[in-house]
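What the coordinates show
The primary structure of each chain is shown beneath.
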Amino acid sequence: IREFMELLRLRFQDEFLIQPPPFLQVIRGFVDTNLGLAMVVKAEKNIDGDYAPTLTTLIKQNKMDEEVNKKLDVFCQQLLAYDFIFSDVHTDNIV
């Protein structure tokens, strides 16, 4: 829920109303779980409908080529460009 509250905070900043940052997940809703309320987000998939690989998967499969490294660099620059609090960012959460 902290993520959602942070998203709401950003949503009401002028520049964010026009174009949200491309690195943010798309929130589809909320669901009750045995651990409490959980946020449901859009899954990132490729053209074939398969889930996008995580950064961990790309590293393990030796697919960290120049293109992936450039995209990762852009992602990191975008994270740093916004007044955004983020947590739990690790290679299993980056697709």
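Our subject is the structure listed above.
Fair warning: this is a prediction, and the values are worked out from it, not measured in the lab.

Reading the values: the criteria
Residues numbered from 1 in each chain as written. Predicted model: local features only at pLDDT ≥ 70, side-chain atom pairs only at ≥ 80, totals over all residues. Heavy atoms only, no water. Pairing = 2+ DSSP bridges. Helix = DSSP H or I, 4+ residues; strand = E, 2+ residues; numbered from the N terminus. Buried < 20%, exposed > 50% of the residue type's maximum accessible area, 1.4 Å probe, protein only. Salt bridge = Lys/Arg side-chain N within 4 Å of Asp/Glu carboxyl O.

This part takes up the pairing of strand S1 (residues 27–33). Both S1 and strand S2 (residues 36–41) contribute to a ladder of six bridges, which runs antiparallel. Opposite Ile27, over in S2, you have Val41 as the bridge partner. Adjacent in sequence and paired antiparallel, S1 and S2 are bridged by two residues.

Time to look at unusual backbone geometry. Backbone geometry follows two general trends: most residues other than glycine have a negative phi, and most peptide bonds adopt the trans configuration. Located in the positive-phi region is Asn62, a residue other than glycine, with phi close to 55°. Mapped onto the elements of the fold, Asn62 is located in the loop between helix H3 (55–60) and helix H4 (66–81). Assessed through its relative accessible area of 71%, Asn62 is described here as exposed.

The next point concerns the pattern of salt bridges. Under the counting rule described, the total for this entry stands at two salt bridges. Where Glu66 meets Lys70, a salt bridge forms, and the shortest distance between an N and an O atom there is 3.2 Å. Of this pair, Glu66 and Lys70 both sit in helix H4, four residues apart, which is roughly one turn of that helix. Comparing Glu66 with Lys70, the two get one shared label, exposed. Linking Glu67 and Lys71 is a salt bridge whose minimum nitrogen-to-oxygen distance equals 3.2 Å. Remark: Lys71 and Glu67 occur in helix H4; sequence separation between them is four residues, near one turn of the helix. Residue Glu67 shares its accessibility class with Lys71, and that shared class is exposed.

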